[in-house]
Amino acid sequence: MELKAAIVQDADTNRVLMLAWMNDEAERLTRDTGEAWFWSRSRERLWRKGETSGNTLAVEELRDDCDGDALLVRVRPNGPACHTNAVSCFAPWLWRTVAERAKERPAGSYVAGLIEEGIAACARKVGEEAVEASVAALAESDERVVEEIADLWFHSYVLLAARGLDPAAVEDELNRRHSERTTR
């Protein structure tokens, strides 16, 4: 069976959401139904994206690459594309880790414990880390600034997870602001 790489891209944001595989039947079903179908190499069967999660992909466009061995699948997603519940399977590793711990709540996890304390505790931690980053920037070494910014980014991810938000929403807002500035 010949498989083609299927690069799935959000038709609105152009964000790459996932990479999956299609055989001829998956491609036919995708074209016929307007929903993304793939071949699961691990399960050795066809699957419709969202058949268990409900996070379907409405296909806007299917494009072959120049060699005919890959497809660009432009979609309108109905929920997160990644099985980790991230908008994209290409989310930063730190976000994937935070999101997994927020969802699974493993015993002894700092992320799970902070989230269980509530959104206010997560927000206070972001504020604390922002102050520490500012102080380090004014009076400490570059290494300390990097350490404190790392803490700020980490705790910002925890706050996003506690609120049920994805960092992709922050990226979208930054892109929107950039677009506004460049069109003025």
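Each chain has its residues counted from 1, running along the sequence as written. Predicted model: local features are reported for residues with pLDDT of at least 70 only, side-chain atom pairs are reported and counted for 80 or more only, and whole-chain, interface and lining totals are derived from all residues. Working from all heavy atoms in the structure, the side-chain values ignore hydrogens and water.

## Overview of the overall build of the protein chain
Helix numbers and strand numbers start at the N terminus; a helix is a DSSP run of H or I with at least 4 residues, a strand a run of E with at least 2. Scanning the protein chain from terminus to terminus reveals six helices and six strands. Along its sequence from the N terminus, the protein chain presents helices and strands in the succession β-β-α-β-β-β-β-α-α-α-α-α. Based on C-alpha atoms, the radius of gyration is set beside the globule rule, defined as 2.2 Å times the residue count to the power 0.38. Whereas a compact globule of 184 residues would reach a radius of gyration of roughly 16 Å, the protein chain reaches 20 Å, over 25% beyond that. For the protein chain, the residues scored as buried account for 36% of the 184 residues in total. Throughout, a contact is declared for two residues whenever any of their heavy atoms are within 4.5 Å. Considering only intrachain contacts with a sequence separation of at least 6, the fraction spanning at least 24 residues in the protein chain is 45%. Calculation of accessible area relied on Shrake-Rupley with a 1.4 Å probe; when residues are assessed, cover is drawn exclusively from the protein chains displayed. When the accessible surface of the protein chain is split by element, carbon and sulfur atoms take 51% of a total near 11,100 Å². Note on classification: 1.4 Å probe, protein chains only; a residue is buried when its accessible area is under 20% of the maximum for its type, exposed when over 50%, partly exposed between these limits.

## Brief notes about the pattern of salt bridges
The working definition used for a salt bridge is a side-chain nitrogen of Lys or Arg within 4 Å of a carboxyl oxygen of Asp or Glu. Taken as a whole, this structure holds 22 salt bridges when the rule is applied. The residue Glu35 makes a salt bridge to Arg48 at a minimum N-O spacing of 3.2 Å. Of the two residues, Glu35 sits in the loop between helix 1 (24-33) and strand 3 (37-40) while Arg48 sits in strand 4 (residues 45-48), which places them 13 residues apart along the sequence. For Glu35, a relative accessible area of 28% translates into the label partly exposed. Here Arg176 makes a salt bridge to Glu173, at a shortest N to O gap of 2.5 Å. Of this pair, Arg176 and Glu173 both sit in helix 6 (residues 167-183), three residues apart, which is roughly one turn of that helix. Taking relative accessible area as the criterion, Arg176 reaches 38% and is therefore assigned partly exposed.

## Side note on unusual backbone geometry
Of note in the backbone geometry, Asn14 takes a positive phi value of approximately 70° without being a glycine. Residue position: Asn14 is located in the loop between strand 1 (4-10) and strand 2 (16-22). The class for Asn14 is partly exposed, based on a relative accessible area of 44%. Of note in this structure, Glu44 is not a glycine but carries a positive phi near 55°.

## A look at the sheet that holds strand 1
The mixed open sheet is built from four strands, whose spatial order is 2-1-6-5. In this open sheet, the two strands that pair with only one neighbour each are strand 2 and strand 5 (57-64). Strand-to-strand twist of the sheet, defined as the mean angle between neighbouring strand axes without regard to direction, takes the value 25°. Fitted lines through C-alpha atoms serve as axes, helices being fitted only where they are in contact, and the angles separating the N-to-C directions of these axes extend from 0 to 180 degrees. Along the sheet, helix 1 makes contact with strand 1, strand 2, strand 5 and strand 6 (70-77), crossing strand 5 at roughly 120°. For two strands to pair, DSSP has to find at least two bridges joining them.

## Let's talk about the packing of aromatic side chains
A pair of Phe, Tyr and Trp rings is counted when the ring centres sit within 6.5 Å of each other, with Trp represented by its six-membered ring. The angle between the planes then sorts it: under 30 degrees is stacked, over 60 is edge-to-face, the rest tilted. Under the defined criterion, the tally for this structure stands at three aromatic pairs. Ring centres 5.3 Å apart and planes at 45° place the aromatic pair Phe38 and Trp47 in the tilted group. Of the two residues, Phe38 and Trp47, both sit in the buried class. Here Trp95 and Tyr157 contribute two aromatic rings whose centre-to-centre distance is 5.6 Å and whose plane-to-plane angle is 75°, an arrangement assigned as edge-to-face. Placement of Trp95 in helix 2 (residues 93-104) and of Tyr157 in helix 5 (residues 142-163) is noted, with a sequence separation of 62 residues between them. Taking the relative accessible area as the measure of exposure, Tyr157 reaches 18% and is therefore buried. The ring of Trp47 is capped by Arg43, whose NZ or CZ atom sits 5.4 Å from the centre of that ring. Working rule: Lys NZ or Arg CZ, within 6 Å of ring centre, within 35 degrees of ring normal, means a charge sits over the ring.

Honestly, it's all geometry; don't read function into it.
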